[in-house]
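# Inside the fold
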2 protein chains.
Amino acid sequence: TLAPESAGPLGKAWVCVVLSGLMWKVRRFLEKAWGIGIDEPRKVIHCLKVGIALTTVSLFYYMRPLYQGVGGNAMWAVMTVVVLFEYTVGATLSKSFNRTTATFLAGSLGVGVNWVATQSGQKFQPVILGASVFLLASATTFSRFIPTIKARFDYGALIFILTFSLVSVSGYRVEKLLDMANQRLSTIVIGASMCLIISMLICPIWAGEELQLLVTRNMEKLANSLDACMAEYFNDCGNFAGDNDKDSHKVALGYRCVLNSKATEDSLANFARWEPAHGNFSFRHPWKQYLKVTASMRNCAYCIEALSGRINAETDQQAPDYIKKHLSNECLALSSISSSILRELAINIKSMRTSSTIHSSVEELNRAVEDIQSALKSLPNRLIPPHLPITKAPETEHRPSITSSIPLIEVLPLATVASLLIEIAARIQPLVNV
Amino acid sequence: TLAPESAGPLGKAWVCVVLSGLMWKVRRFLEKAWGIGIDEPRKVIHCLKVGIALTTVSLFYYMRPLYQGVGGNAMWAVMTVVVLFEYTVGATLSKSFNRTTATFLAGSLGVGVNWVATQSGQKFQPVILGASVFLLASATTFSRFIPTIKARFDYGALIFILTFSLVSVSGYRVEKLLDMANQRLSTIVIGASMCLIISMLICPIWAGEELQLLVTRNMEKLANSLDACMAEYFNDCGNFAGDNDKDSHKVALGYRCVLNSKATEDSLANFARWEPAHGNFSFRHPWKQYLKVTASMRNCAYCIEALSGRINAETDQQAPDYIKKHLSNECLALSSISSSILRELAINIKSMRTSSTIHSSVEELNRAVEDIQSALKSLPNRLIPPHLPITKAPETEHRPSITSSIPLIEVLPLATVASLLIEIAARIQPLVNV
């Protein structure tokens, strides 16, 4: 009887440890969730909207007197709301269209096949039904692998298979089927309209606006990232607004957001096409242009990645400071013009008009590229230590020692940075012309 | 009465044009689909499997004598099969787990809430039900924004909301609810097992194998891309197996596949964790390691992108051929060692063992890097035109003309290519150590 007593406190301690560990995990999870809520209040609003839509449709179903007209199929209205309510209006619209159209098409086809099966007698009925389900399910599943269908009608294809199998094997006679199909379609339309009304009237979140915001924010991140990289390289943090080294390093890695946001951009552009005119956006706003812009931005970001890799390389691969300072002005000038063009483009995209200064900025960019190229050209001359007077005849014997004091290998890291900057400038140009 | 007659042939012609246009579109669509089917026969197999699963479960539902035990809820079995059957076994498993667990949890919670609501009287019942639906729907929707939940339990959260709303507002008494919940859960389990059996027994497509295939294929593409880039740069197509210029250019752009496959890799790795042991893979295979490998691969690809941009730059930014040839041997050596290491790693990943030669290859890589660095160091000396004898005293007055004959700006493009190659080599090293 000693064991339980001694295990008592031990057991309690163990329970305490487990509980506090669990509490800590739950607390961290809640803190994380709270952080998301604070950072993006629109996500919280979306959640409340889902709650409102679902409660409305549920109570509509629950209040028996109201739903006599819709029948037991009202369950489909609840299901429709749960499945269709997406974050952006465009996504909800696209899913609603997919669901109603697919239900209608598959329902009609199912009724037709059912009629044919009934006519062909008791024996062939299951064969015809089974074969039609097999063929249509296989073909529709295959169509979901085709990229254009996958991007726009994936959900519709799923609902098509679902509705067709349900209708064609329901085993009811055609008259009853038509009645049922009619009811089901009407409940789906009710659910979808509910979703659309709530998602468009209460703080609407438009895919188009989200896309614009993402593009401009990423463009600013790219600009900040370029500035921070160059500031880091030339140890010249004065030019840059970062509070401390860690912050500025985080900003310097901002280009990564651009690298990783392709999937989001594609889906937002896809949903934006479904949205009606709103704010400054017309119905046929050229959303594909945004994708061209983001593709060019990603091209820039790849180059900034290479630049940042170069800059964070180990110190033995870095150019010595005395060489760096010979090009620092030109490099910083080029990078600051590049980043200011990016910022100007971001403002242009936000305001949806071309600023008058953008072309003069591009000219400035070209001049800065020329400057850096001529600076590179004259680099060997400039690197002659200034205390040696540059007169020709008496210095000839010193020359070899001078050229050997600036071996190519020492200039190379700086020259690579400069040429990456030139490449970045070249990749910014297509952005202006999109 | 002239108009209809003259419109006749015109109208017919118009119909013909429209029809032939439509036919052409349909034909192109079918050709595309056929192409996908030929390229990836496993996609066709998947479609047939979906057809089989759906036909089986539909006929099971249709054959009345069979489904007396499951009741009208058998519709849920059809729905489950349609929704759960995914391309890979892991995805099907993950969705099945999500669906059954979420249905069970939400069902139990719904029954509990329903009981509380019934106890609290006619007046408060709708209030309690509405409030619980609102709160749970909002909270669960919010949880779908949290990345860890989004990645693994997104579908479960959706089903949770759906089941909870359906159960809690169904308005049935608890006894009937329990009966219904039991039936629904059993039909879902039947549907899910059907999916799992068919997806695991008939030509299973494992997410793990797909991931491994994707990683090794991308790694080979990276190696080919690097080779093709360097061959293009040094106009040395003999080393490369491409049939013609267009082909080799396409191969050179192979790195793009690596840049764009992050989302696919993440989801495959996520699904692979659900899969049981199969083939050479154990249950707890370190799938996360694959993601580390692909992250390093992407790092390489960014650099190859910069290199390829450099190589495809306009000719005025290219180093002249007579300079190129001074480094071509070293560059080609480094790139071919780099690409052979990539190919070796691909074989290692395929066979899941570390080859004994990989470390000596890395040493070779380091030697090649040193070679290229010392070649860069000695570049100015090598570029002295060979017909000038290198004796010191009499040539001093020629020196300036020699240094000006190899201005830095002319060497720079080549030097940038070389330093990008060195960077690529540096980024291959972490791949070996993963």
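Our structure is the block above this text.
Computed from a predicted structure; not experimentally measured. (Residues numbered from 1 in each chain as written. Chains lettered and ligands numbered in written order. Predicted model: local features only at pLDDT ≥ 70, side-chain atom pairs only at ≥ 80, totals over all residues. Heavy atoms only, no water.)

## Let's talk about the interface of chain A and chain B
Put simply, the rule is: In this analysis, two residues are considered to be in contact whenever any of their non-hydrogen atoms come within 4.5 Å of each other. The term buried area denotes the loss of accessible surface (1.4 Å probe radius) that occurs when two parts are joined, taken as the sum for both partners. The working definition used for a salt bridge is a side-chain nitrogen of Lys or Arg within 4 Å of a carboxyl oxygen of Asp or Glu. Any pair of N or O atoms that falls within 3.5 Å is considered a polar contact. Within protein, one atom must be able to donate a hydrogen and the other to accept it, and sequence-neighbouring residues count only if both atoms are side-chain atoms.
Facing 78 residues of chain A, the contacting portion of chain B comprises 78 residues. Carbon and sulfur atoms make up 77% of the area that chain A and chain B hide from each other, which totals about 7,200 Å². Here chain A is connected to chain B by two salt bridges. Put simply, A:Arg427 and B:Glu305 hold a salt bridge, and the shortest N to O gap is 2.8 Å. At the junction of chain A and chain B, the tally comes to six residue pairs in polar contact (both at pLDDT 80 or more).

## Quick word on a positive patch on the surface
Residues and elements named next belong to chain A. Operational definition: Residues forming no salt bridge and having over 30% relative accessible area are the ones grouped into patches, like charges within 9 Å of each other and nonpolar side chains (Val, Leu, Ile, Met, Phe, Trp, Tyr) within 5 Å. Shrake-Rupley sampling with a 1.4 Å probe provides the accessible areas, and residues are treated as covered by the protein chains on show and by no other component. Residues counted as positive are Lys and Arg, residues counted as negative are Asp and Glu, and His and the chain ends are not counted. Note that the charge is assigned to NZ on lysines, CZ on arginines, CG on aspartates and CD on glutamates. Helical segments are the DSSP runs of H or I of at least four residues, strand segments are the runs of E of at least two, and each set is numbered from the N terminus. When accessible area is computed with a 1.4 Å probe and restricted to protein chains, residues below 20% of their type maximum are described as buried, those above 50% as exposed, and intermediate ones as partly exposed.
There is a patch of like positive charges on the surface, built from Arg152, Arg273, Arg284, Lys288 and Lys292. Along the chain, Lys288 turns up in helix H13 (residues 287-311). On the basis of relative accessibility, which here comes to 59%, the residue Lys288 falls in the exposed class.

## Considerations on unusual backbone geometry
Residues and elements named next belong to chain B. For Cys203, which is not a glycine, the phi torsion comes out positive at approximately 35 degrees. Mapped onto the secondary structure, Cys203 falls in the loop between helix H8 (174-201) and helix H9 (207-233). Positive phi is not limited to glycine here, since Met352 has a value of about 55 degrees. Position of Met352 among the secondary structure elements: in the loop between helix H14 (321-351) and helix H15 (358-377).

## A closer look at the pattern of salt bridges
Applying the stated rule across the entire model yields 22 salt bridges over all chains. Between B:Arg27 and B:Glu31 there is a salt bridge, and its shortest N-O distance comes to 3.5 Å. With a gap of four residues between them, B:Arg27 and B:Glu31 both fall in helix H1 (residues 2-39), about one helical turn apart. For B:Arg27, a relative accessible area of 56% translates into the label exposed. Linked through salt bridges whose partners overlap, the residues forming this network are A:Glu305, B:Glu423 and B:Arg427.

## Remarks on H14(B)
Residues and elements named next belong to chain B. Threshold: To estimate how far a helix should reach, multiply one less than its number of residues by 1.5 Å. Throughout, the bend at a residue refers to the angle made by two axes, fitted to the seven residues ending there and to the seven starting there.
For H14, with 31 residues, the first-to-last C-alpha span of 42 Å sits near the 45 Å given by 1.5 Å per residue. The largest bend along H14 reaches roughly 50 degrees and is located at Leu327. At the exit of H14 stands Met352, carrying a positive phi of roughly 55 degrees.

## Digging into a nonpolar patch on the surface
There is a patch of nonpolar side chains on the surface, built from A:Trp14, A:Val15, A:Val18, A:Leu19, A:Leu22, A:Val26, A:Phe29 and A:Leu30 and spanning about 780 Å² of accessible area. The residue A:Leu22 is located in helix H1 (residues 2-39) in this model.

## As for the packing of aromatic side chains
Let me state the cut-off plainly: Between the rings of Phe, Tyr and Trp (Trp by its six-membered ring), a pair exists once the centres lie within 6.5 Å; its type follows the angle of the planes, with under 30 degrees stacked, over 60 edge-to-face, and the other angles tilted. We count a charge as sitting over a ring when the NZ of a lysine or the CZ of an arginine lies within 6 Å of the ring centre and within 35 degrees of the ring normal.
Applying the stated rule across the entire model yields twelve aromatic pairs over all chains. Where A:Tyr233 meets A:Phe234, the ring centres are 4.9 Å apart and the plane angle is 75 degrees; that geometry is what we call edge-to-face. Overall, A:Phe234 belongs to the buried group, its relative accessible area being 11%. Among the aromatic side chains, those forming a connected cluster through ring pairs are A:Phe142, A:Phe145 and B:Tyr87. A cation over an aromatic ring shows up here: A:Lys95 above the ring of A:Tyr155, its NZ or CZ 4.7 Å from the ring centre.

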